Amino acid sequence: MTTPDDVVSRLRAAGCVWAEDEAALLREAAGSDAELDGLVARRVGGEPLELVLGWVAFLDRRLLVAPGTFVPRRRTELLARAAREEVGRRAATVPVVVEMCCGVGPVAASLEGLPVVVHAADLDEVALGCARANAPSASLHRGDLYDALPATLAGRVDVLVANAPYVPTGAIAGMPPEARQHEPRVALDGGPDGVDVHRRLAGGVRPWLAPGGVVLVETSPGQLPLTRGALERAGLDVRSLSDDEVGGCVAVGVSRSGAGPA
């Protein structure tokens, strides 16, 4: 029989800092000693705890994640909160929100139950499968950025939100093994300076935005000036948000009042 102390010892020997907490979660997830042994073996082998458990805590819910998907970070809670605030500012209407590069759909999930129309898009079918469970009210689309969206959304998007990859290519080798070995590189690699996808997002956004539409892009403090520059070149008024508690950083681009598609 696998004892709680056995699990803690194995996790601690593998370098898990919060071994007691992880052990409790793994025991909760396991239906038998054999299953527990398997879960512990996966964690000791370096797989992210969230992928072993099959869920990640995000704001007020547990989101489904699966092997091979990107695990939403706590810093992305700032992005989700900002999207919810923008929806709240448009309470007189039913706003249209698009979560681009959605992965498992953390922002779309955070909008469940609100009076809003949500679309979410990603390249990866496995991630979209998780998003279907996490955000059952959202319309999901598979494809590369705006190519994934239905043409009927042109000029109608009130809030476009994206946690697109922003790690510079050269920095990926220095990321924790949990990320670089178990998460898809396409969800991490932002190109030489980290903002290649941000430039593509900004460069194509104007035809999709409604007048006064807002673009919210998660970035890092290091990439923020470049992300802001990309949004400014798209003709948007730009500001930024930060939250030191969760480590979040978001560039906000606002379509000028009365401006429609470029």
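Look a little higher up for the structure.
A.B. asks: Would you mind going over the overall build of the protein with me for this structure?
C.D. replies: When its secondary structure is counted, the protein shows ten helices and nine strands. In summary, the protein has a C-alpha radius of gyration of 19 Å against a globular reference of 18 Å for 262 residues, a match within 12%. Based on the C-alpha atoms only, the size of the protein along its principal axes is roughly 70 × 40 × 30 Å. Taken over 262 residues, the protein has a buried fraction of 52%. Looking at the protein alone, contacts between residues at least 24 apart form 61% of all its contacts between residues at least 6 apart. A total accessible area of about 11,500 Å² is found for the protein, and carbon and sulfur atoms account for 54% of it.

A.B. asks: Any chance you could explain the sheet that holds strand 6 (residues 157-162) here in plain terms?
C.D. replies: The strands making up a sheet are joined through hydrogen bonds of the backbone, oriented either antiparallel or parallel. Read across the open sheet, the seven strands follow the order 5-4-3-6-7-9-8; overall the sheet is mixed. Of all the strands in the sheet, the pair left with one neighbour each is strand 5 (139-142) and strand 8 (237-243). When the angles between neighbouring strand axes are averaged without regard to direction, this sheet yields 20°. Pairing analysis gives seven bridges linking strand 8 to strand 9 (residues 248-254), with the strands arranged antiparallel.

A.B. asks: What should I look at first to understand helix 1 (residues 4-13) in this one?
C.D. replies: Side chains of residues three or four places apart in an α-helix project in the same direction, reflecting 3.6 residues per turn. For helix 1, the complete set of buried residues consists of Val7, Val8 and Leu11. Angular distribution of buried residues about the axis of helix 1 spans 95°; they occupy a single face of the element. For helix 1, the exposed residues set more than 90 degrees away from the buried face come down to Asp5 and Ala13. Remark: Gly15 follows helix 1 within two positions and exhibits a positive phi of approximately 95°.

A.B. asks: Would you mind showing me how to read the packing of aromatic side chains here?
C.D. replies: By convention here, two paired aromatic rings are described through the distance between centres and the angle between planes. This model, assessed by the stated rule, comprises one aromatic pair. Look at Tyr146 and Trp208: their rings are 6.0 Å apart centre to centre, the planes differ by 10°, and that puts the pair in the stacked class. Placement of Tyr146 in the loop between strand 5 and strand 6 and of Trp208 in the loop between helix 9 (196-205) and strand 7 (209-218) is noted, with a sequence separation of 62 residues between them. Neither Tyr146 nor Trp208 differs from the other in exposure class; each is buried. Between Arg62 and the ring centre of Trp55, over which it is positioned, the NZ or CZ distance is 3.7 Å.

Reading the values: rules and limits
- Every chain is numbered on its own, with residues counted from 1 as its sequence reads.
- Only residues with pLDDT of 70 or above have their local features reported here, since the model is predicted, and side-chain atom pairs are shown and tallied only from 80 upward, although totals for entire chains, interfaces and linings are computed over all residues.
- By convention in this description, side-chain values take in all heavy atoms of the structure and omit both hydrogens and water.
- Only runs of H or I of at least four residues qualify as helices and only runs of E of at least two qualify as strands under DSSP, and these elements are numbered from the N terminus.
- Note that the radius of gyration is over C-alpha atoms, with the globule rule given as 2.2 Å times the number of residues to the power 0.38.
- Partly exposed residues are those whose accessible area sits between 20% and 50% of the maximum for their type, while under 20% is buried and over 50% is exposed, using a 1.4 Å probe and protein chains only.
- Residue contacts are defined here by distance: any two heavy atoms, one from each residue, within 4.5 Å place the two residues in contact.
- Note on areas: these come from Shrake-Rupley sampling with a 1.4 Å probe, and a residue is covered only by the protein chains present in the view.
- Any two strands with at least two DSSP bridges between them are considered paired.
- Axes, fitted as lines to C-alpha atoms, cover a helix only where it is in contact. Angles between the N-to-C directions of the axes lie from 0 to 180 degrees.
- What the arc measures is the spread of directions leading from the helix axis to the C-beta atoms.
- Pairing of aromatic side chains here covers Phe, Tyr and the six-membered ring of Trp, requires ring centres within 6.5 Å, and sorts the geometry by plane angle: under 30 degrees stacked, over 60 edge-to-face, intermediate tilted.
- For a ring to carry a charge above it, either NZ of a lysine or CZ of an arginine must fall within 6 Å of the ring centroid while also lying within 35 degrees of the normal to the ring plane.

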